[in-house]
Amino acid sequence: MHLEKEENKTIVINKVEIKPGQSKMVLITISRLPTGTLIEIPVHVFNAKKPGPTVLLQAGLHGDEINGIETLRRMLEHNDFNIEKGCAVVVPILNIFGFIHFSRDVPDGKDVNRSFPGKKLGSLASRMAYHYTKEVLPQIDFGIDLHTGGGQRHNFPQVRYTAMDESSKHFAKIFNAPFYFPSKLISGSFRKAAYNLEKPILVYEAGESMRFDKHAIKTAIKGIKNVLRNVGMLPKSDEADQSNSIHFESTKWIRASRAGMFIPKIENGSEVNQGQVLGYITDTVAKKSKDVVSPVSGHVFCINYQAVVNQGDALFHIGA
């Protein structure tokens, strides 16, 4: 007869043990600034006594994407990780270097999210990826990676999952962001490194870099709690949503056909029809203007708010 384990597993990160029933903050040492200041990644571990999944909740993989950082900070502040079973591994800022420099990347210009699984003696970005892959990824069962749109690109709250991974699709629906859709794995990305280790990862995208977005943060907190409730780590609640997320089968970028000043005419998250005018591009002397027309029907989930654009620049992202 199979007997269920009575106690959860012990988590070990950077040689520090977090036993069932314990909560600790562990520091993963990465490197030093030129001033000699030590740079460490703080990892909060909440390990319940009862057995259950180990879930990674992380943000700040790109240092200028602060909505995810604020999401996890608020959850830590409000004691939202008082879990009943399993373990929550919470990393509010992965890319400390990028955060303190208001930058997506590390000081050598490399993207940590293109450097996985990393090398022990590689570049700074590669070393960060290596230590993280070695210390954190082996501990988890699945994870939620919080991101934000780039400069001037505003992402309406959305969840991306790996197309060939049914587990990540399931959790993407449970998260219950306004939109969810499959996304290809990118070489060197954290999600691909996790996929190679059979660790499903959701990527939540919302807002734009270096700017807090209340809707993005609120949606993220609610979505994380939806997932944790679904796996029994948090108690069931009347606040938990029935999933009404809209699923996209395909997505399409609409690009600028000419250079000029770009004026969007719709709100992000809007439903649009094929042939609908989404905005226009005009010159500086009011002589020429060209409408930006949607080639498909669907929902807009990203708008580029850059006021001056070049030919070929991505303007709207539409899910169909």
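The notes below deal with the structure included here. These figures come from a predicted structure and were not determined experimentally.

## Let's talk about the layout of surface pockets
A volume near 620 Å³ is recorded for the largest pocket. As for the largest pocket, its lining consists of 29 residues, of which Arg-114, Arg-160, Ser-183, Ile-186 and Glu-205 are closest to the centre. Those elements that provide at least two residues to the lining of the largest pocket are strand S7 (142-149), strand S8 (153-162), strand S9 (179-183), strand S10 (201-208) and strand S12 (251-255). Per-element tally for the lining of the largest pocket: the top contributor is S7, with four residues.

## Comments concerning the environment of Val-231
Inspection of the secondary structure puts Val-231 in the loop between helix H6 (214-230) and strand S11 (246-247). The buried category is assigned to Val-231, whose relative accessible area is 16%. When the C-alpha positions of Val-231 and Phe-81 are compared, they lie 14 Å apart, and in sequence the two are 150 residues distant. Residues contacting Val-231, with those up to four places away along its chain left out, are Pro-53, Lys-85, Phe-142 and Phe-171.

## What about the packing of aromatic side chains?
Aromatic rings considered in pairs are described by the distance between their centres and by the relative angle of their planes. In this structure the tally under the stated criterion is 12 aromatic pairs. A centroid spacing of 4.2 Å and a plane angle of 10 degrees characterise the contact between Phe-142 and Phe-171, whose relative ring orientation is stacked. Highlighted residues: Phe-142 in strand S7 and Phe-171 in helix H4 (residues 166-175), separated in sequence by 29 residues. Given the relative accessible area of 12%, Phe-171 is considered buried. Summarising the aromatic geometry, the rings of Phe-248 and Phe-301 are spaced 5.4 Å apart at their centres and angled 35 degrees between planes, so their arrangement reads as tilted. With Phe-248 in the loop between S11 and S12 and Phe-301 in strand S17 (residues 298-304), the pair connects residues that are 53 residues apart, well separated along the chain.

Rules of the game
Residues numbered from 1 in each chain as written. Predicted model: local features only at pLDDT ≥ 70, side-chain atom pairs only at ≥ 80, totals over all residues. Heavy atoms only, no water. 1 Å grid on protein atoms, 1.4 Å probe; cavity = no way out; pocket = protein on both sides within 12 Å on 5 of 7 lines; lining within 4 Å. Points joined across faces, edges and corners; volume = space filled by probe spheres on them. Helix = DSSP H or I, 4+ residues; strand = E, 2+ residues; numbered from the N terminus. Buried < 20%, exposed > 50% of the residue type's maximum accessible area, 1.4 Å probe, protein only. Contact = heavy atoms within 4.5 Å. Phe/Tyr/Trp six-rings, centres within 6.5 Å; stacked < 30°, edge-to-face > 60°.

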